[in-house]
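For reference, the chains in residue letters:
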Amino acid sequence: MFHSRRLKIGGMRELYAVMAFVERQFNLCKRYLGWEIVFLFYTVINTLTIAFIAVGMQKQGHAINPDYVFYLVIGALMWGFLGIIFHEISNSITWERWEGTIEQTFMAPIQRLTHLGGVCSFAVLYGLLRTIIVLVAITCFFGMGLPKANYAGAFLILGAASLSFVGLGLMAAILPLLSPEKGSQATHIMEGVLLLVSGIYYPVTALPEWLQGFAVISPATYALDGVRKALLEGATVSELLPTAAILVLMSLVFIPLGLGIFHLAETYAKRAGLLKRNG
Amino acid sequence: MFAIECHEVSKSFSDGFWWSKNRKVLKAVDKVSFQVAKGEVFGLLGTNGSGKSTLIRMLSTLLLPDSGTIRIMGLNIAEHPMAVREQINRVSVEAAFFKKLSAWENLSYSARLYGIHPGRNRERIAEILKRLGLPENKLDESIEDMSRGMQQKVAIARALIAVPPVLLLDEPTTGLDPVSKREVRSFIKEVRQDHATSILLTTHDMQEAEDLCDRIAVMSDGRLVQVGTLDTLRNLVLKPAEDKNTLGLEEIFFRLTGKSIYEEGMSHVS
Ligand SMILES: Nc1ncnc2c1ncn2[C@@H]1O[C@H](COP(=O)(O)OP(=O)(O)OP(=O)(O)O)[C@@H](O)[C@H]1O
Ligand SMILES: [Mg+2]
């Protein structure tokens, strides 16, 4: 009656499945295009508010570096980028838990790495796109660009940082796996800690010494440092390579760790019967 | 080799934390053993809460059994979950979809997961849906705009895109109107005929079970009470001087379990 041409199990097949997730997330995004625009607008406003902290300080007579506006803007953008990756990954799980499709996804013959890799690829692409739009909007608003900026260098750092962020995102994604009601909100806690220690709006040296230790193990610290050097000081790619290398090394720890933790959570969920919604 | 083989499979659920005094442990599936031959349609009957869906979830690798072994097409599910997933698909009572996406978007997502190019197979997928009584122009409608029955048909099509050798159908016709039920039923027969698909089916519709199943297993409170062909089961409970032909499955079920098939399962809590 009918037959199907199925790809054999293997690399091609997994790549194909990555596409399934990217396409699915893209379709979902498209369905909420209106809301996407609303949230993008909100992000621009939010970033502007933070930029005006610097402008306000200048107006109050504090002698500050004129770069300070963009120092804060870069912090806000990076914070936003990290947040998007986190939320896209954990929301993809929350969403499937609500819809009940998680059982369908989990019983498909694909590796978890492929599943999460697909979701993460979309998250990174989507995060980059949004970050660029906001950056362009902000530069237009202030009518000034970043004269020294080395964009290639900034992308190098962002790319390397994405990998570690994905690792952290995978750890955050276990929360909605265990509780669709509360798990998603709980990912904010992880983000909050990163916000505190990574020097997003202030140099890490502003922190008490015992907290600075945490900054060392946060990939966001290196990402911010690298992107600021690239955009504000025009650091060359070769000058940025050590920072990129640290980020890649961190991802070599965080991604396997994230996958491992996710695997444990999945096994627990399958033992305790948490995946079922009804029926 | 059997299509499905369960040996002493058990699963309990507990509520509350392990240190809590009034924590209840519920035996949802209790030492269940049975085999389904290749190409067989095997019916699983039981009242609400008797453990049918729990059993199917374990067969689908979605739930880990507490004890016992399960083999699908000869593959031990605990050792080769990925190879098993390649062999199966499931239709659940509640058709789960990305409700905001169209039927086509949902189906092409699923197709890709099974290594099937959705674009190149669109005609074939539309053909399956047509066989189930869903016109092609519905394909691009969003799932949330579809009736429950239509959603269920899309779910059945989804399970069949990859033509799995083993199909797990958990109440596939619940909530469908009589015409749709008939369409689904004849489709199941057709699939089985053309592809020698082995099918495990649960249903509360006795007529459907009689019509489709080669053998029937009766479950009650997590335990398998009897397994056999309709005739075997009938002979087991037939009273002296009773006419065989007047004894329907509903009554057989009642005599085997002491419950009506429509009854809410007693909680078997320890
Ligand atoms: N994930 C779970 N967590 C806790 N309890 C569960 C879970 N899944 C099933 N149960 C319990 O196990 C028992 C068997 O449920 P199951 O869904 O397998 O029954 P069923 O035979 O499919 O019933 P129905 O005919 O209503 O679909 C029920 O008491 C149910 O509440
Ligand atoms: Mg059920």
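It should be noted that the structure appears before, not after, this text.
Figured I'd write up the structure that's included with this text. (Residues numbered from 1 in each chain as written. Chains lettered and ligands numbered in written order. Predicted model: local features only at pLDDT ≥ 70, side-chain atom pairs only at ≥ 80, totals over all residues. Heavy atoms only, no water.)

## Structural notes on the overall build of chain A
Inference 1: For chain A, the count of helices and strands is 10 helices and zero strands.
Inference 2: A compact globule built from 279 residues should have a C-alpha radius of gyration of about 19 Å, and chain A, at 20 Å, falls within 12% of that.
Inference 3: Across its three principal directions, the C-alpha atoms of chain A cover 75 × 40 × 40 Å.
Inference 4: Out of the 279 residues in chain A, the part that is buried amounts to 50%.
Inference 5: Residue pairs in contact within chain A that sit at least 24 positions apart in sequence constitute 80% of those at least 6 positions apart.
Inference 6: Carbon together with sulfur atoms contributes 72% to the accessible area of chain A, which is approximately 12,900 Å² in total.
Inference 7: For chain A, the distance from the average site of its 19 positive side-chain charges to the average site of its 15 negative ones is 9 Å. (Helix = DSSP H or I, 4+ residues; strand = E, 2+ residues; numbered from the N terminus. Rg over C-alpha atoms; globule rule 2.2 N^0.38 Å. Buried < 20%, exposed > 50% of the residue type's maximum accessible area, 1.4 Å probe, protein only. Contact = heavy atoms within 4.5 Å. Areas by Shrake-Rupley, 256 points an atom, 1.4 Å probe, with all protein chains shown as cover. Lys, Arg positive; Asp, Glu negative; His and termini not counted. Charge placed at Lys NZ, Arg CZ, Asp CG, Glu CD.)

## Thoughts on the pattern of salt bridges
Residues and elements named next belong to chain B.
Inference 1: Per the stated rule, a full pass over the model turns up 29 salt bridges over all chains.
Inference 2: For Lys-100, the salt bridge is made with Glu-144, and the minimal N-O distance between the two is 3.2 Å. Of this pair, Lys-100 sits in the loop between strand E6 (88-91) and helix H3 (103-113) while Glu-144 sits in the loop between helix H4 (122-131) and helix H5 (148-160), and the two are 44 residues apart along the sequence.
Inference 3: The exposure class assigned to Lys-100 is partly exposed, which follows from its relative accessible area of 27%.
Inference 4: Given a relative accessible area of 41%, Glu-144 falls into the partly exposed group.
Inference 5: A salt bridge links Arg-122 to Asp-140, with the nearest nitrogen and oxygen atoms 3.2 Å apart. Of this pair, Arg-122 sits in helix H4 while Asp-140 sits in the loop between H4 and H5, and the two are 18 residues apart along the sequence.
Inference 6: Shared partners join several salt bridges into a network, and the residues in it are Lys-181, Arg-185, Lys-189, Asp-205, Glu-208 and Asp-211. (Salt bridge = Lys/Arg side-chain N within 4 Å of Asp/Glu carboxyl O.)

## Some remarks on the site of ligand 1
Inference 1: Around ligand 1 lies a shell of 15 residues, among which A:Gly273, B:Gly49, B:Lys52, B:Ser53 and B:Thr54 are the nearest.
Inference 2: The local environment of ligand 1 is shared, drawing residues from chains A and B.
Inference 3: With respect to ligand 1, the side chain of B:Thr54 contributes an N or O atom lying 2.5 Å from an oxygen atom.
Inference 4: One of the side-chain nitrogen or oxygen atoms of B:Glu171 is found 3.2 Å away from an oxygen atom of ligand 1.
Inference 5: Contact with the protein chains covers 75% of the free accessible surface of ligand 1, which is 630 Å².
Inference 6: Within the residue set of the shell around ligand 1, elements represented by two or more residues are strand E2 (25-36) and helix H1 (52-59) of chain B.
Inference 7: Top element by residues in the shell around ligand 1 is H1(B). It accounts for three residues.
Inference 8: Tallied by class, residues from the shell around ligand 1 come to three nonpolar, nine polar and three charged. (Near = heavy atom within 4 Å. Polar contact = N/O pair within 3.5 Å; in protein donor to acceptor, adjacent residues only side chain to side chain. Nonpolar A, V, L, I, M, F, W, Y, C, P; charged D, E, K, R; others polar.)

## Concerning the interface of chain A and chain B
Inference 1: In this complex, chain A contributes 45 residues to the contact, which on the side of chain B involves 49 residues.
Inference 2: With both sides pooled, the region where chain A packs onto chain B buries about 4,500 Å², and carbon together with sulfur makes up 55% of that total.
Inference 3: For B:Arg57, the salt bridge goes to A:Glu103, with nearest N and O atoms at 2.6 Å.
Inference 4: Residue assignment for the side of chain A that touches chain B shows that the elements contributing at least two residues are helix H1 (11-31), helix H3 (68-99), helix H4 (102-106) and helix H10 (237-272) of chain A.
Inference 5: Classifying every residue of the side of chain A that touches chain B by side-chain character gives 19 nonpolar, 12 polar and 14 charged. (Buried area = accessible area lost by both parts, 1.4 Å probe.)

## Considering unusual backbone geometry
Residues and elements named next belong to chain B.
Inference 1: Positive phi outside glycine occurs at Val-163, with the angle close to 45°.
Inference 2: Within the secondary structure layout, Val-163 lies in the loop between H5 and strand E7 (166-170).
Inference 3: For Val-163, a relative accessible area of 18% translates into the label buried.

## Concerning the packing of aromatic side chains
Inference 1: If you walk through the whole model with that rule in mind, you get 11 aromatic pairs over all chains.
Inference 2: Both rings, one in A:Phe21 and one in B:Tyr109, keep their centres 5.6 Å apart while their planes meet at 80°; by these two values the pair is edge-to-face. Of this pair, A:Phe21 sits in helix H1 while B:Tyr109 sits in helix H3, which puts the two residues in different chains. One exposure class covers both A:Phe21 and B:Tyr109, and it is buried.
Inference 3: Ring centres of A:Phe122 and A:Tyr126 lie 5.6 Å apart, and the angle between their planes is 15°; this geometry places the pair in the stacked category. Remark: A:Tyr126 and A:Phe122 occur in helix H5 (residues 112-142); sequence separation between them is four residues, near one turn of the helix.
Inference 4: On the basis of relative accessible area, A:Tyr126 is assigned to the buried category, the value being 11%.
Inference 5: Each residue in the set A:Phe21, B:Phe98 and B:Tyr109 is aromatic and connected to the rest through ring pairs, giving one cluster. (Phe/Tyr/Trp six-rings, centres within 6.5 Å; stacked < 30°, edge-to-face > 60°.)

## Description of the environment of B:Asn76
All names here are of chain B.
Inference 1: Position of Asn-76 among the secondary structure elements: in strand E5 (residues 75-76).
Inference 2: By relative accessible area, which is 9% here, Asn-76 ends up buried.
Inference 3: Residues Asn-76 and Glu-5, 71 residues apart in the sequence, show an inter-C-alpha distance of 9.2 Å.
Inference 4: When near neighbours in sequence (up to four residues on either side) are disregarded, Asn-76 contacts Thr-69, Ile-70, Arg-71 and Val-84.

## Structural notes on the side chain of A:Ser198
All names here are of chain A.
Inference 1: Along the polypeptide, Ser-198 turns up in the loop between helix H7 (183-197) and helix H8 (209-216).
Inference 2: Here Ser-198 falls in the buried class, since its relative accessible area comes to 1%.
Inference 3: Within polar-contact distance, the side chain of Ser-198 engages the backbone oxygen of Leu-194 at 2.7 Å.
Inference 4: Side chain to side chain, Ser-198 and Ser-218 meet in a polar contact 2.7 Å long.
Inference 5: Apart from the residues lying within four places of it in its own chain, the contact partners of Ser-198 are Val-204, Ser-218, Ala-220, Thr-221 and Leu-224.

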